[in-house]
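Listed below, chain by chain, are the residues.
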Amino acid sequence: TALVVRSPHWVQVASGVAVAINRDGDKYDQQGVPMYRVRVYDAQLRKQVEHRVAGEDQARSAQADLLAQVKVPLEHRGATADVIAAAVAQGRPVVTTTNKITVRQWAEQYLELFKRRPDGGVRPFSSWDHDRRCLEIYILPHIGERSLTSLRLHELEDLVSCSTKRDGITPLAGATKESIAGTIKRLWKMAERRTDMLRADGNRAAGLSTSWGGQSEERAAIVPSIEDVFRLSACIEQRSAGYGDIVELIAFTGLRWEEISALPVRNVSWDDMRVHVEWSATFSGGRRTLRHETKSKAANRFVPIPVQAEAPLRRLMAASERRRQQHPGFGDEVLVVTNTMGAALHYNTWRIALDKAREASGVAYTAHPLRHVAASLAISSGMTDVEIAAMMGHRNADYTRKIYGHLFPSNGREVAARMTQAIEAAVAQEQALARRALTLA
């Protein structure tokens, strides 16, 4: 076996392959575990392959993985993007003969496959980009060099539970942990469905919990206070003109930020007092991209404009028109919400001003809780769960009930009274039909 040494030291193993495991300087991971560099010479590629891992045990495991990989013929080491595209187009599984493929190697194939739904339809870019960001930021830096089959369930659970923000100290919110867990489960599920890598050991990620406190946070965030909405709006408006109108527009319509920041002026209908949501804005690679698609099929919808949202919406549209006249050159599409140059407003720009207004006003609302305010007001108005699902862009009413079920009225006497009235009406109708049949006879 190879020796763990501090200076470069190559060792010939029984297979005749040159390998080395070295300490990676004085580097440590977030938990204080020393980092190691594992190198194996690949005779077929005529170069060394190097992986960095934390811990001596993981280094030896990575060594075994690399040794297994370099023995596999190049044509069988993993499907290229062209092979994946051809397999997807023909409805064939992607064939990978080695079970030593790393999480990083499979993630590349996964992201290519994930662009399409199982039924062959194109998946929304926002869903694909969500998994890409989770992989790049939270998953691959920690387990990217591990083989897919070497990871155990408790290691995946530890990865999710111990995930932190970029400072390495602040724990992630429950909703973010749920996103990471969901991405891991989809990654392993795709490997189980598309390859034979997990056939022997089974899908260990199948038992990973996707409940990490996000649901309780969403429920706790629902505090429909109109006074708080106006106080936050006034506070942010003092810092940046027009930003308060965005606060009120989200709170009274329930639009998502990626929808409101991509809303064209032509999609606002004052005759019907509603807006057509058919575009979304995504952040990827440092740029804000407008796409003629929504988060899901249900998100493509018409949203009513209450009177309280009319004035903010008109002011935003007027400001956008002035900016576009002053700064032409951003395309033919005029957006409702823009920056000072007339281009799409980036969320971070608005969020910086919002954070200062939240601190000054004492109101904790961000864009997503403001959506909850709109849903809570809709429930108070007497709208049904089906109507609210259509307004909020939920995939079905069950999802709406899952989030807001505790806000719907649940007076047992009222429900029983309505059921009684429905039964009596049905009986009366049937009796009337029976009498009519006798008369005709």
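Data block above holds the structure.
Chemist: Help me understand the sheet that holds strand 7 (residues 274-277), please; the structure alone is not making it clear to me.
Modeler: Hydrogen bonds between backbone groups are what pair the strands of a sheet, and the pairing can be parallel or antiparallel. Here we have three strands laid out as an open sheet, ordered 6-7-10, and antiparallel in their pairing. This sheet does not close on itself; its edge strands, each paired only once, are strand 6 (268-269) and strand 10 (301-304). Here four bridges tie strand 7 to strand 10, and the two strands are oriented antiparallel to one another. Along strand 10, the bridge assignment pairs Arg274 with Pro304.

Chemist: Looking at this model, I keep getting lost on unusual backbone geometry. Mind explaining?
Modeler: Most peptide bonds take the trans configuration, and most residues that are not glycine carry a negative phi. A positive phi is found at Met273, a non-glycine position, where the angle reads about 55°. Among the structural elements, Met273 can be located in the loop between strand 6 and strand 7.

Chemist: Sorry, what's going on with helix 1 (residues 56-71) here?
Modeler: Since the α-helix packs 3.6 residues into each turn, any two residues three or four apart lie on the same face. With 16 residues, helix 1 extends 23 Å between its outermost C-alpha atoms, agreeing within 8% with the 22 Å of an ideal straight helix rising 1.5 Å per residue. Ala59, Ala62, Gln63, Asp65, Leu66, Leu67, Gln69 and Val70 are the residues of helix 1 that are buried.

Chemist: Explanation requested: the pattern of salt bridges in the structure shown.
Modeler: Between side chains of opposite charge, a pair can form as their charged atoms come close. In total, this model carries 19 salt bridges according to the counting rule given. Close ionic contact of Glu155 with Arg146 constitutes a salt bridge, the shortest N to O distance being 3.1 Å. Both residues of the pair, Glu155 and Arg146, count as buried. Through salt bridges with shared partners, one network takes in Asp129, Arg132 and Glu136.

Chemist: Which parts of the structure should I look at to understand the pairing of strand 7?
Modeler: Going residue by residue along strand 7, you find Val275 and Val277 tucked away on one face and Arg274 and His276 left uncovered on the opposite face. As paired strands, strand 6 and strand 7 are joined by two bridges and run antiparallel to one another. Note that in strand 7 the partner of Val268 across the bridge is Val275. The hairpin formed by strand 6 and strand 7 contains four residues between the paired strands, and Met273 there has a positive phi angle of roughly 55°.

Chemist: Even after reading the chapter, I still don't get the packing of helix 9 (residues 243-253) against helix 12 (residues 347-361), so can you show me in this structure?
Modeler: Helix packing geometry: the angle between the two helix axes and the distance between the axes. Contact pair helix 9 / helix 12: the axes reach a minimum separation of 11 Å and the direction vectors enclose 95°. One element, helix 9, and the other, helix 12, form an angle in the roughly perpendicular class. Side by side, helix 9 and helix 12 meet where Tyr243, Ile246, Val247 and Ile250 of the first sit next to Thr349, Trp350, Ala353 and Leu354 of the second. Of the residues that constitute the contact of helix 9 with helix 12, the class distribution is seven nonpolar, one polar and no charged.

Chemist: Looking at this structure, how should I read the packing of helix 8 (residues 226-239) against helix 12?
Modeler: Relative orientation of the contacting elements helix 8 and helix 12 amounts to 120°, with a least axis distance of 9 Å. Between helix 8 and helix 12, the crossing angle belongs to the class labelled oblique. In the packing of helix 8 onto helix 12, the handedness of the crossing is right-handed. Between helix 8, through Arg231, Leu232, Cys235, Ile236 and Arg239, and helix 12, the contact on the second element is made entirely by Trp350, Ala353, Leu354, Lys356, Ala357, Arg358, Ala360 and Ser361. When the residues that make up the contact of helix 8 with helix 12 are grouped by side-chain class, the tally is eight nonpolar, one polar and four charged.

Chemist: How should the environment of Ala234 be read in this particular structure?
Modeler: Along the chain, the position of Ala234 falls in helix 8. Taking the C-alpha atoms as reference points, Ala234 and Glu248, 14 residues apart in sequence, are found 9.9 Å from one another.

Chemist: Is there a simple way to explain the packing of aromatic side chains in this structure?
Modeler: The relative placement of two aromatic rings is captured by the distance of their centres and the angle of their planes. A full pass over the atoms with the stated rule returns five aromatic pairs. Between Trp257 and Trp350 the ring centres are 4.9 Å apart and the planes differ by 15°, which places this aromatic pair in the stacked class. You can see Trp257 sitting in helix 10 (residues 257-260) and its partner Trp350 sitting in helix 12, a full 93 residues away along the chain. The exposure classification of Trp257 matches that of Trp350, with both residues buried. These aromatic residues form a ring-pair network of at least three members: Trp257, Tyr347 and Trp350. Over the ring of Phe302 we find Arg274, and its NZ or CZ is 4.0 Å from the ring centre. Directly above the aromatic system of Trp270 lies the positively charged group of Arg314, at a separation of 3.8 Å from the ring centroid.

Definitions and limits used
Residues numbered from 1 in each chain as written. Predicted model: local features only at pLDDT ≥ 70, side-chain atom pairs only at ≥ 80, totals over all residues. Heavy atoms only, no water. Pairing = 2+ DSSP bridges. Helix = DSSP H or I, 4+ residues; strand = E, 2+ residues; numbered from the N terminus. Expected span 1.5 Å × (residues − 1). Buried < 20%, exposed > 50% of the residue type's maximum accessible area, 1.4 Å probe, protein only. Salt bridge = Lys/Arg side-chain N within 4 Å of Asp/Glu carboxyl O. Axes fitted to C-alpha atoms, helices over the stretch in contact; angles between N-to-C directions. Parallel < 35°, antiparallel > 145°, perpendicular 65-115°, else oblique. Contact = heavy atoms within 4.5 Å. Nonpolar A, V, L, I, M, F, W, Y, C, P; charged D, E, K, R; others polar. Left-handed = near helix turned anticlockwise from the far one by under 90°. Phe/Tyr/Trp six-rings, centres within 6.5 Å; stacked < 30°, edge-to-face > 60°. Lys NZ or Arg CZ within 6 Å of the ring centre and 35° of its normal.

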